[in-house]
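# Working through the structure, step by step
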Amino acid sequence: MVGYDPEAKCVSTLEAAAAGSASGLVNRVCICPLDVIKIRFQLQIEQLSSRNPLAKYHGILQAAQRILREEGLFAFWKGHVPAQCLSVGFGAVQFMVFESLTKLVHNVTSYSARDPFVHFVCGGLSACTATVAVQPVDTLRTRFAAQGEPKIYHSLRHAVVTMYRTEGLWTFYRGLTPTIIAVFPYAGLQFSFYNIFQQFSEWVIPTEGKKAGNVKNLVCGSCAGIISKTLTYPFDLFKKRLQVGGFEQARAAFGQVRTYRGLRDCVRQIMREEGPGGFFKGLSPSLLKAAVSSGLIFFWYELFCSLLCTLKSADITKKKRS
């Protein structure tokens, strides 16, 4: 279902967008707590270790317990409204553009729409398009997930108005450069590896064993997410550090804060103060999140596409009978 298949003309571009939106919505509810923990790790200047007395967080379980104790259960869904808007919008644009691009490749070039390289390029381009479309919402999500108590922003509207008045329009696009640099290979590898794992599973699993297709989609998506996230992770960290620029007062309770003049300055400061390991802070919850998120996004997308196809087939059959 993922990508244009000339032998299975079932899902239209708009239906792909609807399936992408629905999969993003359901997926976000499940992975939001991991996302909050990952962002807290990424923004912490101090080493993520219990041996550092200044470190607020130093492990997934410890961070979860501390957030629960200090901020309550709903803290794991801080920024959920902008995050949900992000997931729905990103999923819609990404899958709509991806299906359109793979169809275009099939119609105007000699390449196969099912080729892993085609999925890499089309996946990267579709993610870049979706990123530009939803970047302001991503910045809002990061700000909400990063703030402690007392809160700086009391609502989504309050955050938008305050940020615009105090920091200007461009603040909504903080971190866009590293995001674009990272999202192309990340999404490209994600779609490409998903395609490769799907083809491999079709070769390994006999025809009679393909009834567990949903489980296969989940496993293939999870593996693709882990590989692509590991290879592109530092850029996600740079993005988060840049997105909270001008937001230092809300970070004071979490430890040290830094101001970065841009992507190069961010890289230099992290390397000088935190070492090479600083580029991979929050990798463990991020990989866990990538495995769950990537697996579920493909799982739900395939499931919703199958449901749409079934409904269309039933409607066509009904019309023929009448």
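What counts, and where the lines are drawn
Residues numbered from 1 in each chain as written. Predicted model: local features only at pLDDT ≥ 70, side-chain atom pairs only at ≥ 80, totals over all residues. Heavy atoms only, no water. UniProt positions renumbered as here; feature names shortened; annotations may be inferred. Helix = DSSP H or I, 4+ residues; strand = E, 2+ residues; numbered from the N terminus. Expected span 1.5 Å × (residues − 1). Bend = angle between axes of the 7 residues up to and from the residue. 1 Å grid on protein atoms, 1.4 Å probe; cavity = no way out; pocket = protein on both sides within 12 Å on 5 of 7 lines; lining within 4 Å. Points joined across faces, edges and corners; volume = space filled by probe spheres on them. Nonpolar A, V, L, I, M, F, W, Y, C, P; charged D, E, K, R; others polar. Core = buried A, V, L, I, M, F, W, Y, C linked by side-chain atoms within 4.5 Å. Buried < 20%, exposed > 50% of the residue type's maximum accessible area, 1.4 Å probe, protein only. Contact = heavy atoms within 4.5 Å. Domains from an automatic or database assignment. Buried area = accessible area lost by both parts, 1.4 Å probe. Salt bridge = Lys/Arg side-chain N within 4 Å of Asp/Glu carboxyl O. Polar contact = N/O pair within 3.5 Å; in protein donor to acceptor, adjacent residues only side chain to side chain.

An unreviewed UniProt entry lists the protein chain under the name Mitochondrial thiamine pyrophosphate carrier, with Crypturellus soui given as the organism. The record in UniProt for the protein chain states the following under Subcellular location (unreviewed entry): "Mitochondrion membrane". Quoted verbatim from the Sequence similarities (unreviewed entry) field of the UniProt record, the comment on the protein chain reads "Belongs to the mitochondrial carrier (TC 2.A.29) family."

### Some remarks on helix α7 (residues 213–243)
Taking 1.5 Å of rise per residue, 31 residues should cover 45 Å, yet α7 covers just 39 Å from first to last C-alpha, more than 12% shy of that figure. Of all the bends found along α7, the most pronounced is centred on Thr232 and spans about 65°, while Pro234, a proline, follows it within four residues.

### Here's the deal with empty space enclosed by the protein
Taken as a whole and assessed by the stated rule, the structure comprises four cavities of 30 Å³ or more. By volume, the largest cavity is sized at about 740 Å³. Forming the boundary of the largest cavity are 38 residues, of which Arg28, Phe90, Tyr186, Lys289 and Ser293 lie nearest the centre. Taken together, the residues of the lining of the largest cavity break down into 15 nonpolar, 13 polar and 10 charged.

### Things to note about the nonpolar core
Counting 16 residues, the largest nonpolar core has Val2, Phe191, Tyr194, Phe298 and Tyr301 as the members making the most contacts within it. Ranked by residues supplied to this core, first place goes to helix α9 (residues 283–321) with four residues.

### Let's talk about the environment of Gly91
Position of Gly91 relative to the elements: it lies in helix α3 (residues 80–108). In sequence terms Gly91 and Ala127 are 36 residues apart; their C-alpha atoms lie 9.1 Å from each other. Here Gly91 is in contact with Gly20 and Ser21, once residues within four sequence places are set aside.

### A word on the side chain of Lys240
Relative to the helices and strands, Lys240 is located in helix α7. The buried category is assigned to Lys240, whose relative accessible area is 0%. Excluding residues within four positions of it along the chain, Lys240 makes contact with Lys38, Ile39, Gln42, Leu43, Arg141 and Thr142.

### A short note on the environment of Trp203
Take Trp203: it is sitting in helix α6 (residues 176–204). Remark: the alpha-carbon pair of Trp203 and Thr129, spanning 74 residues in sequence, is separated by 33 Å.

### Side note on the domain arrangement of the protein chain
When the parts come together, some accessible area is lost, and that loss is often what is quoted as the size of the interface. Considered domain by domain, the protein chain is made up of domain 1 (10–77 + 281–313), domain 2 (79–174) and domain 3 (187–228). Here domain 1 and domain 2 have C-alpha centroids that lie 15 Å from each other. Listed as interface residues are 20 residues of domain 1 and, on the opposing side, 19 residues of domain 2. The junction of domain 1 with domain 2 conceals about 1700 Å² of combined surface from both sides, 65% of it contributed by carbon and sulfur atoms. In this structure, the connection of domain 1 to domain 2 is made through zero salt bridges. Scanning the region where domain 1 abuts domain 2 turns up four residue pairs in polar contact (both at pLDDT 80 or more). With 16 residues, the top contributor of residues to the side of domain 1 that touches domain 2 is helix α1 (residues 13–43). Of the residues in the side of domain 1 that touches domain 2, the class split is 11 nonpolar, five polar and four charged.

### Notes on the UniProt feature "repeat: Solcar" (unreviewed entry) in the protein chain
Per the UniProt annotation, the sites labelled "repeat: Solcar" (unreviewed entry) are residues 11–104, 114–200 and 212–307. Across residues 11–104, the secondary structure splits into 72% helix and 0% strand, with the terminal C-alpha atoms separated by 15 Å.

### A few points about α1
Given a rise of 1.5 Å per residue, 31 residues ought to cover 45 Å, yet the end C-alpha atoms of α1 are separated by just 38 Å, more than 12% below that figure. Residue Ile31 marks the point of greatest curvature in α1, where the axis turns by about 55°; the proline Pro33 follows within four residues.

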